[in-house]
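Residues per chain are reported as follows:
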Amino acid sequence: MRLILLKSLFIGWLAFSLTGCESLKNFSFSKDAETEDEYKDWNVEKFRQEAQTAVDAGNYEKAVKIYEALEARYPFGETSAQTQLDVAYAYYKSGDADAAVAAADRFIKINPRNSSVDYAYYLKGLVNYNRGFGFVDRFLPTDSSQRDISTAKEAYENFSELIKRFPNSKYVADAKQRMTALRNNMAMHEVHIARFYIKRQAYVAAVNRASEVIEKYQRTPAVPYALEVLKEAYTKLDMPDQAANVERIYQLNYPDGPPVPEHSEATFSHRVWDFIGLEK
């Protein structure tokens with residue numbers, strides 16, 4: 001009797017379990033139907049057309065989503081390499097710098113002989129060149145040379161590699177101009193550090209930093225400012241001969257003062273911002 005009861009309970013539990021599984025199965029199917037792939041009937045041309053429309057409209061996040069779906073759906077083919085570049089650009093424009101650099105590196109690794117590989121190197125430099133510019137930079141008169149310049153150095157290296165590998169690339173001219181701006185910025189950054197050492201009465205450190213600017217960043221607008229710091233540091237160290245020699249060099253090369261003002265386009269608000277010294 002007990003055995004019959006146990007069998008009946010087991011059969012009832014099994015029937016209930018199967019019913020439950022069938023219900024879950026049906027639920028899963030209905031759920032899948034509700035979340036049907038929005039790209040189900042898209043071909044390559046449709047993907048590229050919709051992605052370009054999103055780019056033209058400035059909706060770069062949507063463009064990224066479409067390009068990612070295109071890569072997943074058609075990982076191989078005649079346009080796969082171009083899609084990799086397009087998604088890297090869309091990442092860049094959407095503000096995802098890390099993803100943009102990673103995508104460009106991936107393109108370079110997979111397509112080292114592609115005719116557009118020079119653009120991948122250029123895009124890496126462009127991403128790092130513009131990395132970190134946010135609200136403050138766009139709407140307040142800040143001095144980028146007073147902030148961390150690690151990404152500026154990366155951009156400089158990116159552009160330098162582009163020029164070395166592809167001297168005839170159409171992107172070289174723009175890269176050289178950006179490298180000039182980056183070099184000037186890095187030089188002034190070193191001047192700011194030297195000035196910081198002066199304020200902290202670390203005069204030997206100031207001498208070393210200013211001397212490095214003069215030796216490493218010749219022909220940049222930062223050199224006359226480095227000479228000024230160098231003269232002040234030697235004076236504070238009670239080294240009049242060295243200070244006089246620096247002054248002689250300064251007057252010989254810059255008799256009318258620095259040829260490029262430190263803030264050549266400084267406004268009143270810019271001077272106030274610099275006076276407050278929030279970036280120092």
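In this report, we go over the structure that sits alongside the text.

Cut-offs used in this document
- Residues numbered from 1 in each chain as written.
- Predicted model: local features only at pLDDT ≥ 70, side-chain atom pairs only at ≥ 80, totals over all residues.
- Heavy atoms only, no water.
- Salt bridge = Lys/Arg side-chain N within 4 Å of Asp/Glu carboxyl O.
- Helix = DSSP H or I, 4+ residues; strand = E, 2+ residues; numbered from the N terminus.
- Buried < 20%, exposed > 50% of the residue type's maximum accessible area, 1.4 Å probe, protein only.
- Core = buried A, V, L, I, M, F, W, Y, C linked by side-chain atoms within 4.5 Å.
- Contact = heavy atoms within 4.5 Å.
- Phe/Tyr/Trp six-rings, centres within 6.5 Å; stacked < 30°, edge-to-face > 60°.
- Lys NZ or Arg CZ within 6 Å of the ring centre and 35° of its normal.
- Polar contact = N/O pair within 3.5 Å; in protein donor to acceptor, adjacent residues only side chain to side chain.

1. Here we look at the pattern of salt bridges
Phase 1: Going through the model one piece at a time under the given rule, you end up with 10 salt bridges.
Phase 2: D86 serves as the salt-bridge partner of R48, at 2.3 Å between the closest nitrogen and oxygen. Of this pair, R48 sits in helix α2 (residues 44-56) while D86 sits in helix α4 (residues 80-94), and the two are 38 residues apart along the sequence.
Phase 3: Residue E71 pairs with R106 through a salt bridge whose shortest N-O separation is 2.9 Å. Residue E71 is found in helix α3 (residues 60-73), and its partner R106 is found in helix α5 (residues 97-110); the two are separated by 35 residues along the sequence.

2. Comments concerning unusual backbone geometry
Phase 1: In this model, Q201 sits at a positive phi of 60°, which is unusual for a non-glycine residue.
Phase 2: Its place among the elements puts Q201 in the loop between α9 (172-199) and α10 (203-216).
Phase 3: On the basis of relative accessibility, which here comes to 59%, the residue Q201 falls in the exposed class.
Phase 4: The phi dihedral of R219 falls on the positive side, at around 65°, and the residue is not glycine.

3. A word on the nonpolar core
Phase 1: Core analysis: the largest hydrophobic core is formed by 70 residues, its most contacted members being Y67 and V191.
Phase 2: Each residue touching Y67, except ones within four places of it in the same chain, is listed here: A51, Q52, V55, T83, D86, V87 and A90.

4. Focus: the packing of aromatic side chains
Phase 1: Tallying each qualifying case throughout the model produces 11 aromatic pairs.
Phase 2: Ring geometry for Y119 and Y122: centres 6.4 Å apart, planes at 45°, overall tilted. In this pair, Y119 and Y122 both sit in helix α6 (residues 117-130), 3 residues apart, roughly one turn of the helix.
Phase 3: Aromatic side chains Y122 and Y171 sit 4.8 Å apart centroid to centroid with 15° between the ring planes, which places their arrangement in the stacked category. With a gap of 49 residues between them, Y122 in helix α6 and Y171 in the loop between α8 (150-165) and α9 connect regions that are remote in the sequence.
Phase 4: What links up through ring pairs into an aromatic cluster is the set Y119, Y122, Y129, F159 and Y171.
Phase 5: Geometry around W42 places K46 over its ring, the cationic atom sitting 5.4 Å from the centre.
Phase 6: Against the face of Y129 rests R178, its NZ or CZ located 4.8 Å from the ring centre.

5. Regarding the side chain of Q84
Phase 1: Mapping Q84 onto the fold places it in helix α4.
Phase 2: Classification of Q84 by relative accessible area gives buried; the value is 6%.
Phase 3: Of note is the side chain of Q84, whose polar atom sits 2.9 Å from the side chain of N111.
Phase 4: Beyond its immediate stretch of four places on either side in the chain, Q84 contacts E71, R106, F107, I110 and N111.

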